[in-house]
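Residues per chain are reported as follows:
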Amino acid sequence: MDVYGSFVVQAHLLTEICNDAYKNRNNKMGYYMLLTGGMGYKLARGDGDHNYYAAIDGIFGYQAKHPEEPVKEGYLEGLRVVLKSVYDEYSISSTISMLIYQKEKQEEKPGVIDLDIEELVIELRNSINSSKKLRKSIKNYNAFIQESNDYMAKKGISSTI
């Protein structure tokens, strides 16, 4: 098994833990940690960046194998925490990449976890717009937003941040 495959297996196991916490204690933070790589949920080699693609693949795999479980609901709540917690250019770009990958996964495997990507982009926009400090911290803010919107449009997302 390659490294990516081992990350997906690990994410699948972590999804089981997140699902249990969400289902039994209404804990949304597990999915947030799995998506962002926090608190021991990091899917990476050494000091590398967290692989949220593998996290999403693991979440999809677990939901497909256990369709009766409320994975979609917990995952959506965790993703909404991600949307509300963007704090810089990198976190916004990573969140956009997560949303694009989610869109690609639901096109590849319809019915497993289908989310309203357009609505989630609007939630991200609202989060960005509610933080004057965040907007001021991004050099060339207008250009960054335009580039991000252009990239999402190329990936079939019409909502803008």
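Please read these numbers as outputs of a predicted model, since none were measured by experiment. (Residues numbered from 1 in each chain as written. Predicted model: local features only at pLDDT ≥ 70, side-chain atom pairs only at ≥ 80, totals over all residues. Heavy atoms only, no water.)

S.K.: A description of the overall build of the protein should follow, citing residues and the corresponding values.
M.R.: Helix and strand content of the protein: eight helices and zero strands. In sequence order, the protein lays out its α and β elements as α-α-α-α-α-α-α-α. Relative to the 2.2 N^0.38 estimate, which gives 15 Å for 161 residues, the radius of gyration of the protein is 16 Å and therefore close to what a compact globule would have. Residues classed as buried in the protein amount to 47% of the 161 residues present. Of the roughly 8500 Å² of accessible surface on the protein, a fraction of 50% belongs to carbon and sulfur atoms. Side chains of the protein carry 20 positive and 22 negative charges; the gap between the two charge centres is 6 Å. (Helix = DSSP H or I, 4+ residues; strand = E, 2+ residues; numbered from the N terminus. Rg over C-alpha atoms; globule rule 2.2 N^0.38 Å. Buried < 20%, exposed > 50% of the residue type's maximum accessible area, 1.4 Å probe, protein only. Areas by Shrake-Rupley, 256 points an atom, 1.4 Å probe, with all protein chains shown as cover. Lys, Arg positive; Asp, Glu negative; His and termini not counted. Charge placed at Lys NZ, Arg CZ, Asp CG, Glu CD.)

S.K.: So, the environment of valine 71: which residues are in play, and what are the values?
M.R.: With respect to the element layout, valine 71 can be found in helix α4 (residues 71-84). Linking valine 71 and isoleucine 113, residues 42 residues apart in sequence, is a C-alpha distance of 8.4 Å. Residue contacts for valine 71: discarding those within four places in its chain leaves Thr15, Asn19, Tyr31, Ile59, Tyr62, Gln63 and Ile113. (Contact = heavy atoms within 4.5 Å.)

S.K.: How would you explain the packing of helix α5 (residues 89-108) against helix α8 (residues 141-154) if you had to name every residue and give the values?
M.R.: Their axes nearest at 11 Å, the elements α5 and α8 cross at an angle of 10°. Taken together, the axes of α5 and α8 lie roughly parallel to each other. Listed contacts from α8 to Glu89, Ile92, Ser93, Ile96 and Ile100 of α5 are Phe144, Ser148, Tyr151 and Met152. Taken together, the residues that form the contact of α5 with α8 break down as six nonpolar, two polar and one charged. (Axes fitted to C-alpha atoms, helices over the stretch in contact; angles between N-to-C directions. Parallel < 35°, antiparallel > 145°, perpendicular 65-115°, else oblique. Nonpolar A, V, L, I, M, F, W, Y, C, P; charged D, E, K, R; others polar.)

S.K.: Which residues make up the environment of alanine 54, and what values do they have?
M.R.: Structurally, alanine 54 is set in helix α3 (residues 52-65). A relative accessible area of 0% places alanine 54 in the buried class. Along the sequence, alanine 54 and alanine 11 sit 43 residues apart, while their C-alpha atoms lie 6.7 Å from each other. The contacts of alanine 54, once residues within four sequence positions are left out, are Tyr4, Phe7, Val8, Ala11 and Leu43.

S.K.: Give me the lowdown on the nonpolar core, citing residues and values where you can.
M.R.: Grouped together as the largest cluster of nonpolar side chains are 47 residues, with contacts concentrated most on Leu34, Tyr75, Ile92 and Ile161. Listed by contribution, the elements that provide at least two residues to this core are α1 (3-25), α2 (29-36), α3, α4, α5, α6 (117-129) and α8. Ranked by residues supplied to this core, first place goes to α3 with seven residues. (Core = buried A, V, L, I, M, F, W, Y, C linked by side-chain atoms within 4.5 Å.)

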